[in-house]
Amino acid sequence: MNTSPEFNGKGSRVGADSSSAGPEPEATILVVDDEPELSRALSKLLSRNGYHVLTAGNGEEGLAILRRQEIHLVLSDLQMPKMGGLDLLKAAQVIAPNTEFVIITGHGTIETAVDAMRTGAYDFIEKPFSITTTLKVVRKALEKQHLIAENRDLRKRLEEIQGVNEIIGNSEPMRQAIDTARQVAASSATILLTGESGTGKEVFATAIHGWSDRSKQTMVRVSCAALPENLLEAELFGYEKGAFTGAVARRRGRFEMANRGTLLLDEVGGMSMTTQVKLLRVLQENVIERLGGSEPIHVDVRIIAATNSDLPTMVSEGRFREDLFYRLNVINLELPSLRSRGEDVVLLSNFFLQKYNEKNSKQLAGFTPGAVEVMAKYAWPGNVRELENAVERAVVLSKDTLVDVDVLPNSVVRGRQRSDTVNIPVGTTLRDAEMQLIQATLDSTAGDKETAANILGIASRTIYRKMQ
Ligand SMILES: Nc1ncnc2c1ncn2[C@@H]1O[C@H](COP(=O)(O)OP(=O)(O)OP(=O)(O)O)[C@@H](O)[C@H]1O
Ligand SMILES: [Mg+2]
């Protein structure tokens, strides 16, 4: 085995690497080499640079150390008698999967080094090696090890949270929303879920149904905005044969299907005034009639309504019945926007990373600090749905181990940022300036209009009116 003239094993040129930003604190490195001189020189270099270093004279000894204690990085010679570097790497992947590997190779063994990389080594250093290169590779390998470990911790925390329910979120507004949802789940009270598009209204509706004692029955969902009036009524209440052209057989409606279970009236703001009247009657009497039928059918259904429209404003404008609004709004659960709970961005993006890793048979380990920063700063107007789509896209496009900025959508990298200040250029109309301030204040209060109104020194009614 040849020792490089630069790296002569006597430590004459061994010194601190000036380009280094300093080692990972408390990083432990294991040097495995059958040549004591080289091993000694390497460990001297590394300890002088602040790393904690252990040495092993062969593969078996290295493995024993890996079994015994936590090692962040192994620098292993490739060719050693009995257990070679590649075998050690394979064994280490089983007993110490959190440890990074860098292979040391002699001249002419590049092919085997490539094999090692394919097996999962982070990099290789070719002998004779330079101090700068060695320290650079070590630093980078440790950085990766650190990031992956951090991501693994996050995922673990995520699984702990997930174990409790399927709703991901650990921010204060989210915890409050989950608490309330759990509390009200047990009763049969009608719940109105409000919040911007993509905040998880359907997710909450599903969870509430799951926590309720109706969970053994089905939850039926109907989107009230997707269908024209007569079709929606046919969907909701069902019809008798011959009720209208095309009604060739009797059909049960969603209310009947949801009997003893839960009915999610999604996008309830999209319902016509006529259907609203009929719905109100059903809610008051717990009785439906199929279209074209005359037999009253008793139903026992728990109603969850969801909307991203501003129902109070719609009421004041005569587009939504006030009596129906009060009937639905027995318990209101307002879901916070994603930008008002920035800390959940990391949690959710890791959750979706796992989801789409599995779906696409990929093994992305996490996000680069750059990508995390971009995602944390973005305002996410499409909330969790937009984040989920962005992560799915990134997983599909990513070729590295970590998701980087280049695979994030342009809209996220350059889009509207969340902020605590409003930047209003000269030339803005007073009206627009006012809107921007109201919007930013609402963002900072997680959409709580009362608090926002207090901060702005106006009545909450005024906020509703101005947001029109
Ligand atoms: N807290 C959460 N944890 C995990 N996934 C979530 C969460 N919130 C939302 N999602 C996911 O984001 C997407 C959008 O959620 P959902 O459909 O519930 O939003 P919504 O509020 O009903 O939106 P819209 O008003 O547009 O119908 C779904 O794919 C959902 O699984
Ligand atoms: Mg929805």
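Residues numbered from 1 in each chain as written. Chains lettered and ligands numbered in written order. Predicted model: local features only at pLDDT ≥ 70, side-chain atom pairs only at ≥ 80, totals over all residues.

Draft legend 1. Broad picture of the nonpolar core. Ranked by internal contacts, the top residues of the largest apolar core, which has 37 residues, are Leu73, Val102 and Ile103. For this core, the elements supplying multiple residues, two or more each, are strand S1 (28-32), helix H1 (36-48), helix H2 (59-68), strand S3 (73-77), helix H3 (85-95), strand S4 (100-105), helix H4 (110-119) and helix H5 (131-164). Ranked by the residues each element gives to this core, the list is headed by H1, at five residues. Among the nonpolar cores identified, the runner-up in size contains 36 residues, and Ala177, Leu192, Ile208 and Phe320 belong to it. (Core = buried A, V, L, I, M, F, W, Y, C linked by C-beta atoms within 7 Å. Buried ≥ 20, exposed ≤ 12 C-beta atoms within 10 Å, placed from the backbone. Helix = DSSP H or I, 4+ residues; strand = E, 2+ residues; numbered from the N terminus.)

Draft legend 2. Summary view of the sheet that holds S4. With parallel pairing, five strands are arranged side by side in an open sheet as S2-S1-S3-S4-S5. Bordering the open sheet on either side are strand S2 (52-56) and strand S5 (123-126), each of which pairs with just one other strand. Neighbour-to-neighbour, the strand axes of the sheet open up by a mean angle of 20°, direction not taken into account. Where S3 and S4 come together, five bridges link them in parallel fashion. Across the sheet, residue Leu73 finds its bridge partner in S4, namely Glu100. (Pairing = 2+ DSSP bridges. Axes fitted to C-alpha atoms, helices over the stretch in contact; angles between N-to-C directions.)

Draft legend 3. Quick peek at the sheet that holds strand S7 (residues 219-223). Judged by pairing direction, the sheet is parallel, and its five strands sit side by side in the order S7-S10-S13-S6-S14 without closing on themselves. Lying at the two open borders of the sheet, with one neighbouring strand each, are S7 and strand S14 (331-334). Across the sheet, the mean angle from the axis of one strand to that of its neighbour is 20°, orientation sign disregarded. Sheet topology places strand S6 (residues 191-194) next to S14; four bridges connect them, and they run parallel. Considered in S14, the bridge of Ile191 is made with Ile331.

Draft legend 4. Up close: the environment of Leu347. Along the chain, Leu347 turns up in helix H13 (residues 343-359). Overall, Leu347 belongs to the buried group, with 21 C-beta atoms counted inside 10 Å. On a C-alpha basis, the gap between Leu347 and Ser130 in space is 41 Å, while along the polypeptide they are 217 residues apart.

Draft legend 5. The arrangement of helix H18 (residues 449-456) in detail. Along H18, the positions that sit buried rather than exposed are Lys449, Ala452 and Ala453. Buried residues of H18, viewed axially, fall in a sector of 100°; they line one side. Positioned one or two residues after H18, Gly457 has a phi angle of 70°, which is positive. (Arc of directions from axis to C-beta.)

Draft legend 6. Representation of the environment of Lys399. Note that Lys399 resides in the loop between helix H15 (383-397) and strand S16 (402-403). Judged by local crowding, Lys399 falls into the exposed class, with 9 C-beta atoms found within 10 Å. Taking the C-alpha atoms as reference points, Lys399 and Lys362, separated by 37 residues in sequence, lie 9.6 Å from one another.

Take it as geometry only, folks, not as evidence of what the structure does.
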